[in-house]
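Residues per chain are reported as follows:
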Amino acid sequence: MATVVNKRTGQKLEPETEFTIKLHDINDNEPQFSKEVYTGSVPERSDIGTSVIQVTATDADDSMYGNSAKLVYSISQGHPYFSVDPNTGLIRTALGPGDMDREQREHYQVVIEAKDMAGQRGGLTGTTVVNITLTDVNDNPPRFTQSIYQFAVPESSKSGTPVGRIQATDRDIGRNAEMFFTIVSGDGMDMFDISTDKDTQEGVITVSKSLDYEKKQSYTVEIQVQNTQMDPRFMSSNSKDMATVRIAVEDVDEPPLFDKASYVMDVKEDAALGAAVGSVSAMDPDSARSMVKYSIDRRTDMDRLFNVHPGNGSVFLLKSLDREENPWHNISVIATEFNNPRQISHVPVYIRLLDINDNAPTFATVYETFVCERTKAGQRIQTVSAVDADEPSAGHKFFFSLASEGNHRSNFTVRDNGDNTAGILTRRASYSRLLQSVYLVPVVITDGDYPMQSSTGTLTVRVCTCDREGNMELCNAEALSSSPGLSTGALIAILLCAIILLMIVVLFTALKRQRKQEPLIISKEDVRDNVVSYNDEGGGEEDTQAFDIGALRHPDAAAALEESAKQRRDIIPTDTLLYPPHRHAAPSGLIMPPFINQRVLENDCNPTAPPYDSLATYAYEGAGSVAESLSSLGSASSEAEQDYHYLSDWGPRFRKLADLYGAEDSDFS
């Protein structure tokens, strides 16, 4: 905005005028790429013109005025492999498939320029770097590192044992370099396998079948290798490679080899001891053909029922056999080389015992049979069957008949049904429980095999009272005695248990009583429980007749006592005196008072008194007493001065004792 004013007066000479100023752009900004470095990739062997990556640049100048912002792209570095579209910045391949090979060159660096002014002279330029990588395609087949491989393997190698590794190389990388191996021909196709190690891409040859040096010492196989991921554009006859592998079998000292993997032998169960059961045969597969000796693995024949001849391998019996106990015996025979005892082989031998008819048939079960008192002749009261431990090849066939000793005066008959069962029939119309409550029917059971075997089974028939429908109502106690109940063995066991329990109770009671009987004096420190009561009360210090302290100081004067002293009032002896009275010498200076001599005499003359001296001390107060102990035994000295004034605090019952012991010494002088 501008106006004209008077310079002297400062007044506006005209209204304000608006001026518009336009700036004309000049080319003062160079092009700028969006990235300083670009990264791109393209598969190797791509066709000419395959797109790789597009770069973009911008110019800050005004595109409306001239060519300041018009950009043109060009390659300053990267010829002749790549080209760039001058208008779009799209980079393409410039060479054909044969020239763009990753295995020859994998990485390329291309410099792209962007120039304004439509590329004319005087324009400004910006540059960027593009790193281009050729990605791999499967255009190279694998190749063996050598055409012939040689390996050796011991003939004792088990199935799956590695023999060796073969290696092939592939110039490709990643999945394009993965390969697999196959055996395509050769005499060892059935003896060996090959697999690929996923980590190393090596072919691992392994044993698939047992080898035998004595039969074949070497094998040759042809092995082929090829990629797992094939590119149809590059498939040709050269996509596979072949190599020859020669494998030598090494001889080892092998254990003896049996002509069979297992043996099955048959022998009759009544065969005599030493009878031959069968034979086994083994030989040393090595070229030395060492001699073989045979033995039985006793861990498989703990009962030592069989043995084998060490030279010819014949198996024979050592003990008798019984098919009914064990129909099969499984043993193991060992073959050992003479020259190398460590070389041993085992073979299982299954011995089957053939059955002979050596067991008689018996009743199939224990039958509980009864007959009603009122019946009819020919009435079937029981159907019986039989079992036989033998197993004839044609099956069992049993025949039933009444024993010959039971034919006369028989009350029942046996009818063979022809199907290995028989019916027991009545021969009378009535029976009496009172006359005979139990009948014993002997039945002869015979088998149909050779040699024929038979046995006699006794059927017990009870006579019972029945209702109109023939249901049993009542039988005699004699007949019922065989009913199920406690057996004799069970009763004996119960009785023994009761006796043992009674003995345990008696022993426990005796031990408990013995624990209660404690000795008279348990220890020197515990004499309180040996208390003897005499029911005599002294007269105190005024009683000079019953207690004379002077007698304790003259033992000779009190030695002679009357023999007719009164006996203990609490115990009356039942026998006459067995021992004469004894005189006890008192310590020097002591004379026993009369009542003490009397008590000593009573104890010496009493046959029921203990025959030993018993020290009884009554100087202990009962538990819980506030007066504590009255004894001077625990004091330091019995002659020490003591204070007895506390006796006056014990109440009226101890007043006499307080007056006696609480007086001064002068009172007794």
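These numbers come from a predicted model, not from an experiment. (Residues numbered from 1 in each chain as written. Predicted model: local features only at pLDDT ≥ 70, side-chain atom pairs only at ≥ 80, totals over all residues. Heavy atoms only, no water.)

**Some details on the UniProt feature "transmembrane region" (unreviewed entry) in the protein chain**
Residues annotated by UniProt as "transmembrane region" (unreviewed entry) correspond here to residues 490-511. Within residues 490-511, the helical portion is 100% and the strand portion 0%, while the C-alpha atoms at the span's ends are 32 Å from each other. (UniProt positions renumbered as here; feature names shortened; annotations may be inferred. Helix = DSSP H or I, 4+ residues; strand = E, 2+ residues; numbered from the N terminus.)

**Overview of the environment of P142**
For P142, the location among the structural elements is in the loop between strand 9 (125-135) and strand 10 (143-144). Looking at P142, the relative accessible area reads 0%, which means it is buried. Measuring from C-alpha to C-alpha, the distance between P142 and N176 comes to 9.8 Å, with 34 residues separating the pair along the chain. (Buried < 20%, exposed > 50% of the residue type's maximum accessible area, 1.4 Å probe, protein only.)

**A short note on the state of the cysteines**
Taken as a whole and assessed by the stated rule, the structure comprises two disulfides. Here C372 is linked by a disulfide to C466, with a sulfur-sulfur distance of 2.0 Å. Handedness of the C372-C466 disulfide follows from its S-S torsion of about -90°: it is left-handed. Linking C372 in strand 28 (residues 369-372) with C466 in strand 34 (residues 454-466), this pair joins segments that are 94 residues apart in sequence. Residue C372 shares its accessibility class with C466, and that shared class is buried. The partner cysteine of C464 in its disulfide is C475, sulfur to sulfur 1.8 Å. Between C464 and C475 the sulfur-sulfur dihedral comes to about 100°; the bridge is accordingly right-handed. Here C464 is found in strand 34, whereas its partner C475 is found in strand 35 (residues 472-475), with eleven residues between them in sequence. Each member of the pair C464 and C475 is classed as buried. Going through the protein chain in sequence order and numbering each bonded cysteine, the pairs you get are 1-3, 2-4. (Disulfide = S-S within 2.5 Å.)

**Details of the environment of I296**
Secondary-structure assignment places I296 in strand 22 (residues 292-296). Judged by relative accessible area, which is 9%, I296 ranks as buried. Here the alpha-carbon distance between I296 and F306, two residues ten residues apart in the chain, equals 8.1 Å. Leaving out residues up to four positions away in the same chain, I296 has contacts with D301, F306, N307, V308, I331 and S332. (Contact = heavy atoms within 4.5 Å.)

**Quick notes on the sheet that holds strand 16 (residues 218-227)**
An order of 11-17-16-13 is seen for the four strands of this open sheet, with the pairing classed as mixed. Pairing within the sheet leaves two strands with one partner each, and these edge strands are strand 11 (148-154) and strand 13 (179-186). Averaged over neighbouring strand pairs, the angle between their axes works out to 30° when direction is ignored. Relative to strand 17 (residues 241-250), strand 11 is paired through seven bridges, and the arrangement is parallel. Bridge pairing links V153 to V249 in strand 17. (Pairing = 2+ DSSP bridges. Axes fitted to C-alpha atoms, helices over the stretch in contact; angles between N-to-C directions.)

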